[in-house]
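Per-entry structural report
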Amino acid sequence: MTEAKPIDLYFWPTPNGQKISIMLEELAVPYEVKFVNIGKGEQFEPEFLAISPNNRMPAIVDPDGPGGEPISVFESGAILIYLGEKYGRFYPQEPRARVEVNEWLMWQMGGVGPMFGQNHHFRNYAAEKIPYAIDRYVNETNRLYRVLNGRLEGRAFVAGEYSIADMALVGWIRNWDRKGVEIADYPNVKDWFDRLVARPAVERGLAIKAPETMDLASDEEARKVLFGQR
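What you are looking at is a predicted structure, and each value in this text was computed from that prediction instead of being measured. (Residues numbered from 1 in each chain as written. Predicted model: local features only at pLDDT ≥ 70, side-chain atom pairs only at ≥ 80, totals over all residues. Heavy atoms only, no water.)

**Overview of the nonpolar core**
General note: in soluble globular proteins, nonpolar side chains tend to be found buried as a group. Operational definition: In this description, a nonpolar core means a group of buried Ala, Val, Leu, Ile, Met, Phe, Trp, Tyr and Cys residues linked to one another through side-chain atoms lying within 4.5 Å. The classification of residues rests on relative accessible area computed with a 1.4 Å probe and restricted to protein chains. Under 20% of the type maximum is buried, over 50% is exposed, and intermediate values are partly exposed. We count a stretch as a helix when DSSP gives it H or I for four or more residues in a row; a strand needs E for two or more, and each element gets its number in order from the N terminus.
Counting 53 residues, the largest nonpolar core has Leu83, Ile173 and Trp192 as the members making the most contacts within it. Here this core gets eight residues from one element, more than from any other, and that element is helix H6 (residues 164-173). Counting 10 residues, the second-largest nonpolar core is a separate cluster that includes Tyr10, Trp12, Ala59 and Ala210.

**Focus: the packing of helix H3 (residues 76-87) against helix H4 (residues 95-125)**
Note the cut-off: Fitted lines through C-alpha atoms serve as axes, helices being fitted only where they are in contact, and the angles separating the N-to-C directions of these axes extend from 0 to 180 degrees. Roughly parallel refers to an angle under 35 degrees, roughly antiparallel to one over 145, roughly perpendicular to one between 65 and 115, and oblique to any angle outside these ranges. By convention the crossing between two helices is left-handed if the near helix lies anticlockwise of the far one by an angle smaller than a right angle, and right-handed if it lies clockwise. Residues are treated as being in contact if the distance between any of their heavy atoms lies within 4.5 Å. In this count, Pro and Cys sit with the nonpolar residues alongside Ala, Val, Leu, Ile, Met, Phe, Trp and Tyr, while Asp, Glu, Lys and Arg are called charged and the others, Gly among them, polar.
Interhelical geometry of H3 versus H4 gives an angle of 155 degrees and a closest axis separation of 10 Å. Relative to H4, the element H3 is oriented roughly antiparallel. Judged by the twist between their axes, the crossing of H3 over H4 is right-handed. The residues of H4 that touch H3, namely those facing Ser76, Gly77, Leu80, Ile81 and Glu85, are Arg98, Asn102, Leu105, Met106 and Met109. Within the contact of H3 with H4, the residues separate by chemical class into five nonpolar, three polar and two charged.

**Here's the deal with the environment of Val73**
Within the secondary structure, Val73 sits in strand E4 (residues 71-74). Residues Val73 and Tyr162, 89 residues apart in the sequence, show an inter-C-alpha distance of 23 Å. Beyond its immediate sequence surroundings of up to four residues, Val73 is in contact with Ala59, Ile60, Ala78, Ile79 and Tyr82.

**Topic: the packing of aromatic side chains**
Note the following rule: Note on aromatic pairs: the rings of Phe, Tyr and Trp (six-membered ring only in Trp) are paired at centre separations within 6.5 Å, and the planes decide the class, stacked below 30 degrees, edge-to-face beyond 60, tilted for the rest.
In this structure the tally under the stated criterion is 10 aromatic pairs. Consider the rings of Phe11 and Phe35, whose centres lie 6.0 Å apart with planes at 70 degrees: the pair is edge-to-face. Of the two residues, Phe11 is situated in strand E1 (residues 7-11) and Phe35 in strand E2 (residues 31-35); the sequence distance between them amounts to 24 residues. The exposure class of Phe11 is buried, given its relative accessible area of 0%. Between Tyr145 and Tyr186, the ring centres sit 5.5 Å apart and the planes meet at 40 degrees, which makes this aromatic pair tilted. Taken as a pair, Tyr145 in helix H5 (residues 131-151) and Tyr186 in the loop between H6 and helix H7 (187-197) lie far apart in primary sequence, 41 residues in all. Since its relative accessible area comes to 0%, Tyr145 is described here as buried.

**Here we look at the environment of Gln118**
Secondary-structure assignment places Gln118 in helix H4. Along the sequence, Gln118 and Arg136 sit 18 residues apart, while their C-alpha atoms lie 9.5 Å from each other.

**Re H6**
Most of H6 is tucked away: 10 of the 10 residues are buried. Among all positions in H6, only Ile164, Ala165, Asp166, Met167, Ala168, Leu169, Val170, Gly171, Trp172 and Ile173 are buried. Positive backbone phi, at 60 degrees, marks Asn175, one or two positions downstream of H6.

So this is what it looks like as structure tokens:
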């Protein structure tokens, strides 16, 4: 039997990139990390734009796509769905269960990611501190934590069994102190978070760092890029 060729993961260590590294670790399929230093503008290189025309990472290239032909996929939610469908794991087949996972995945994509990003930008990176903007996004961040806390009442995971919806959230939910969130107010979220980071694959997916040979001085700039946009 021929060994499977690795999936190329175009990645920088941000919450969106970590969604995919966690999924690939959970699937235990071969993959190779291709770092895209967003602080240095590498997401605008023509080679990367050919894969991710929205100049955002993550993206993947699967050499064994549909029909055995290579395929590139951009947008983290689309990548999670693609991998879940391809490997038949962490993305349920039963229609109602799949709708539930899709709901919470889209909640993360449309709410948690953009709102937490604006929170980080205005609290931590904006040159001018604008109280109205800080209050607006800290309040919305806390509202989203409350929604998640309510959802997790009596549940181990956000959509039934452990799924891509949980993977999409965990990198964004952590570092709550930098968001103006008191995690003690959201005990169900804290229990869920602890449950997830105790998984070896989640730990490995969150631990991927840029190699020491790269210019890590640009990491702060990368965070400004990430948290100033979606």
